Each structure stands twice: as C-alpha cells, then as structure tokens.
Amino acid sequence: MTKSELIEALARRQTHLAFHDVELSVKELLEQVSQELSRGERIEIRGFGSFSLHYRPPRIGRNPKTGESVALPGKYVPHFKPGKELRERVNASTQPITGGDDDPD
Amino acid sequence: MALTKAEMAERLFENVGLNKREAKEFVDAFFEVVRESLERGEQVKLSGFGNFDLRQKNQRPGRNPKTGKEIPISARRVVTFRPGQKLKVRVEAFAGPQAGAAAQG
C-alpha cells in the first residue's frame, strides 16, 4: 500500500470527508510525526506502536571507493516499535507477504 | 505538548479544518487502515516518511532471562520500519543529549 492508496482507502471509509481533506489530513499526520521526531520527542500510539530516536555513536567509516577512513559523527536515527495489538494481528495473519522490502523513498 | 492521538486530532481541526469529531475519527481510521494493510500481509510505503515492512522469522533458540532455561522462540511474522531518506535527514539534524555529550567530551 502506497501513500496514495492509503489516502484512497481512507476516503472510501470516511465518505463524509472531501477527498482533498483526506489527502491533506494524511500529509498533516505524517508531518506531525516527522516533526515531533526531529525535535527528539517520542510518540506513542496505543495499539499501533511507538516512534522514538536511537543514538548511533560516532565511528570510523571507510570510503568504499578509495578505502580512505572517514570520521563519522554520532547521530540519531528514527526507530519504530510495534505495539501489542499490531504485533498480534500481524502475527495471526496467514496471508502471503506482498509488496516486498524495497528501499524506502 | 506531547504528540498524542488527541493532540493529532486537535491539529487536524486547526490545520485542516475537520470538525473535532471528524478529526478524532480520522486519526483512529488512519492507524487502523495501516494495521489492516499489514494484517493482510501488505507492506505500507509512505514516501518521505518510511516503509512498514513485514518479515517472516523462523523458530530460533531462546532463553528465559530470569531462569536461564532454554525455550524456543516460535516462528512469527513481524513488522519492521525503515525510515525514508527525508525523515532520516531531518532526524540526523537533532542535537540530542548524547550528541551534545560527545561534542563536549
């Protein structure tokens, strides 16, 4: 399911809302979560999961082309921990996995 | 203010113009539609935010950390989140407590 398919699914479900408002609302929610994370705040959605930051300490990396060492500073990366309901529902599923695991945009 | 479902709904009311009841329902529907997709075995790809992927894990040996007794961890299906490039970059810019400590040390 892509973002546009999510918007379509929500529009079919919330039929009293204008399609454009559904579109705006999906973008607004994703922006809220992104913004909160980029401020270092944790977000917990009961039954779905929690978003937080994990710290990656500084390390010495290597330029794969030249083999040269480069000092990489410590950084924070987004982390998601699925909540109980999501874990249980997904694990109970017997339908084949679709959509692959290609790189996110 | 912490980003809770109530706060998300409040911002949909303020920024998109849904009424309070629509906003509250929308937030619930949003997370439910994502859960349903994952429950169907379908990956969710939210461009600019990240992908919720599904992975099938085989049974593996485990241990009860309290008793030290060996118990197998059963095969299961799990959700993983891979943040998108845009979210990663935004979060990297966060100079949190650990980044600050590293800079001082």
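Numbering of residues begins from 1 in every chain and follows the order in which that chain's sequence is written. Think of it this way: whatever chain is written first is A, whatever ligand is written first is 1, and the rest follow in order. Residues qualify for local features only when their pLDDT is at least 70, as the model is predicted, and side-chain atom pairs are given and counted only at 80 or more; totals for whole chains, interfaces and linings, by contrast, use all residues. Side-chain numbers here rest on the full set of heavy atoms in the structure, without hydrogens or water.

Participant: Can you tell me about the layout of surface pockets, naming the residues and giving the values?
Facilitator: The volume enclosed by the largest pocket comes to roughly 470 Å³. Definitions used throughout: a 1 Å grid over protein atoms alone; a cavity as a set of points that fits a 1.4 Å probe which cannot get out; a pocket as an open set with protein on both sides within 12 Å along at least five of seven lines; a lining residue as one with an atom within 4 Å of a point. Lining the largest pocket are 24 residues; nearest its centre among them are A:His79, A:Phe80, A:Pro82, B:Val79 and B:Thr80. Per the convention used, a helix needs a DSSP run of H or I reaching at least four residues, while a strand needs a run of E reaching at least two, with both numbered from the N terminus. Secondary-structure elements contributing two or more residues to the lining of the largest pocket are strand E2 (49-56), strand E5 (75-82) and helix H3 (84-92) of chain A together with strand E5 (76-83) of chain B. Ranked by the residues each element gives to the lining of the largest pocket, the list is headed by E5(B), at seven residues. Grid points are joined across faces, edges and corners, and a volume is the space filled by probe spheres set on the points. Of the volumes computed, that of the second largest pocket is approximately 160 Å³. Along the walls of the second largest pocket sit A:Lys3, A:Lys27, A:Leu30, A:Glu31, A:Ser34, B:Ser47, B:Gly48, B:Phe49, B:Lys86, B:Leu87 and B:Arg90, which together make up its complete lining.

Participant: Pulling in residues and values, what's your account of empty space enclosed by the protein?
Facilitator: Enumeration according to the criterion identifies one cavity of 30 Å³ or more in this entry. Lining the largest cavity, in full, are A:Leu29, A:Leu30, A:Val33, A:Phe48, A:Phe51, B:Phe30, B:Phe31, B:Val34, B:Leu46, B:Phe49 and B:Phe52. Across the lining of the largest cavity, the residue classes break down as eleven nonpolar, no polar and no charged. Charged means Asp, Glu, Lys or Arg here, nonpolar means Ala, Val, Leu, Ile, Met, Phe, Trp, Tyr, Cys or Pro, and polar covers whatever is left, Gly included.

Participant: How would you summarise the interface of chain B and chain A if you had to cite specific residues and measurements?
Facilitator: Residue contacts follow a heavy-atom distance rule, with two residues in contact if any of their heavy atoms lie within 4.5 Å. Listed as interface residues are 63 residues of chain B and, on the opposing side, 61 residues of chain A. In this description, buried area is defined as the sum, over both parts, of the accessible area (probe of 1.4 Å) that is lost when the two are combined. Both faces combined, the contact of chain B with chain A buries some 6,000 Å², and carbon together with sulfur accounts for 62% of it. Put simply, a salt bridge is a Lys or Arg side-chain nitrogen that is within 4 Å of an Asp or Glu carboxyl oxygen. The interface formed by chain B and chain A holds seven salt bridges in total. Where B:Arg82 meets A:Asp103, a salt bridge forms, and the shortest distance between an N and an O atom there is 2.6 Å.

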